[in-house]
Amino acid sequence: MSEAGQPTLRPLAPGVYAVLGDTGRGSEGRPNVGFVVTDSGVVVIDALASPRQGEDLLRRIRSVTEQPIKWVVLTHHHPDHHFGTAVFRRLGARVIAHPDRRVLASEGGEDALIADWVRVVGLDAMRGFEFADTPDRPVVASDTLRLGGRTLVISHPGAAHSAGDLIVWLPSERVLFAGDLLVEDGVTMVVDGSSSALLQGLATLERLNPRTVVPGHGAIPKRPLALVATTRAYIVELQRAMRSAIERGVPMGRAMSSLPPADETRPVSLNSRRRRNAVRVYVEEERAYMGLEPAE
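Presented here is an overview of the structure given in this document. (Residues numbered from 1 in each chain as written. Predicted model: local features only at pLDDT ≥ 70, side-chain atom pairs only at ≥ 80, totals over all residues. Heavy atoms only, no water.)

Okay, helix 8 (residues 270-289) next. If you check helix 8, its first and last C-alpha atoms are 28 Å apart, about what 20 residues at 1.5 Å a residue would give, namely 28 Å. Within the sequence span of helix 8, burial applies to Ser272, Arg273, Asn277, Ala278, Val281, Tyr282, Glu284, Glu285 and Ala288. Of the surrounding elements, those touching the buried residues of helix 8 are strand 11 (175-183), helix 5 (195-208), helix 6 (224-247) and helix 7 (252-255). Trailing helix 8 by a residue or two, Gly291 shows a phi angle of about 80°, which is positive. (Helix = DSSP H or I, 4+ residues; strand = E, 2+ residues; numbered from the N terminus. Expected span 1.5 Å × (residues − 1). Buried < 20%, exposed > 50% of the residue type's maximum accessible area, 1.4 Å probe, protein only. Contact = heavy atoms within 4.5 Å.)

What follows is the structure, given as structure tokens:
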């Protein structure tokens, strides 16, 4: 969406569109979503962060086609990607998602999650909200959706960014919707996933060799594999630094000393993501060092 809140449409291939969020803001920007128009209906990929945003997305789809919305594919269960899903459910769409809906943001319960999210997007934007991310068609490994002559391969790349990650691959068009495995600045969060699973997921993306990749947040890269490489380099270096600290007996607090402090009111700002990832990876490497998990 633009800063004015109007969705920005970008054709990626015939009948394949991205609706772009904010660029230059990493995970703080509103997410990218997409849709695929077929002769038998529309497949929507992610549903944005509130019923109001879901309605905005629907209007953008309707500017292109009047075909019925048949499916919504959710790349994961963070609220900014699925809180608009009920808009499409009410039109008769069914949901494809990973059945593992656990995220840290919901540890306090669904009521607390909704209250927290109202503070993010505002009460008006959440009017008419209901949870709609339980899948009608769960995907835990890989599934192929064929609709109106289109083929979409939906697969779980591992618990990389979150336990319920999915990616959507259009093999004929070589377009990939990567969810939050990729973000514009390369600093993918692993707090709900793991660094080792992210590296495995990045290898999967690389093997696909997409012509176009839509990251979960930010600009569509001109060279898709360059963003994969940037993300991998960041994670590998973070693993190395935390492993080195543990091997030298450096406690977590001191290992964090070279990082800027987290932004208190901005949990997914660049500084906050770097610090939160470092804490997570320190724990991963510590467990591996103690023999509680396989080493990376």
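Having seen it, we continue.
As a further point, take a nonpolar patch on the surface. Taken together, the side chains of Tyr289, Met290 and Leu292 make up a nonpolar region of the molecular surface, amounting to roughly 370 Å² of accessible area. Position of Tyr289 among the secondary structure elements: in helix 8. (Patch = residues over 30% accessible without salt bridge, like charges linked within 9 Å, V, L, I, M, F, W, Y side chains within 5 Å. Areas by Shrake-Rupley, 256 points an atom, 1.4 Å probe, with all protein chains shown as cover. Salt bridge = Lys/Arg side-chain N within 4 Å of Asp/Glu carboxyl O.)

Right, let's talk about the nonpolar core for a bit. By size, the foremost hydrophobic cluster in this structure holds 29 residues, and its most contacted members are Leu182, Leu205 and Met242. Elements supplying a minimum of two residues to this core: strand 10 (167-170), strand 11, helix 5, helix 6 and helix 8. Per-element accounting of this core gives the leading share, eight residues, to helix 6. Residues Val16, Ala18, Trp71 and Phe177 belong to the second largest nonpolar core, which totals 23 residues. (Core = buried A, V, L, I, M, F, W, Y, C linked by side-chain atoms within 4.5 Å.)

With that settled, the discussion passes to the layout of surface pockets. In this structure, the largest pocket encloses a volume near 970 Å³. If you go around the largest pocket, you meet 34 residues; those closest to its centre are Pro79, Asp80, Trp117, Val120 and Val268. Looking at the lining of the largest pocket, the elements that each hand over two or more residues are helix 1 (51-62), helix 2 (79-82) and helix 4 (110-121). For the lining of the largest pocket, the element with the most residues is helix 4, which contributes five residues. Its residues assigned to classes, the lining of the largest pocket shows 16 nonpolar, eight polar and 10 charged. (1 Å grid on protein atoms, 1.4 Å probe; cavity = no way out; pocket = protein on both sides within 12 Å on 5 of 7 lines; lining within 4 Å. Points joined across faces, edges and corners; volume = space filled by probe spheres on them. Nonpolar A, V, L, I, M, F, W, Y, C, P; charged D, E, K, R; others polar.)

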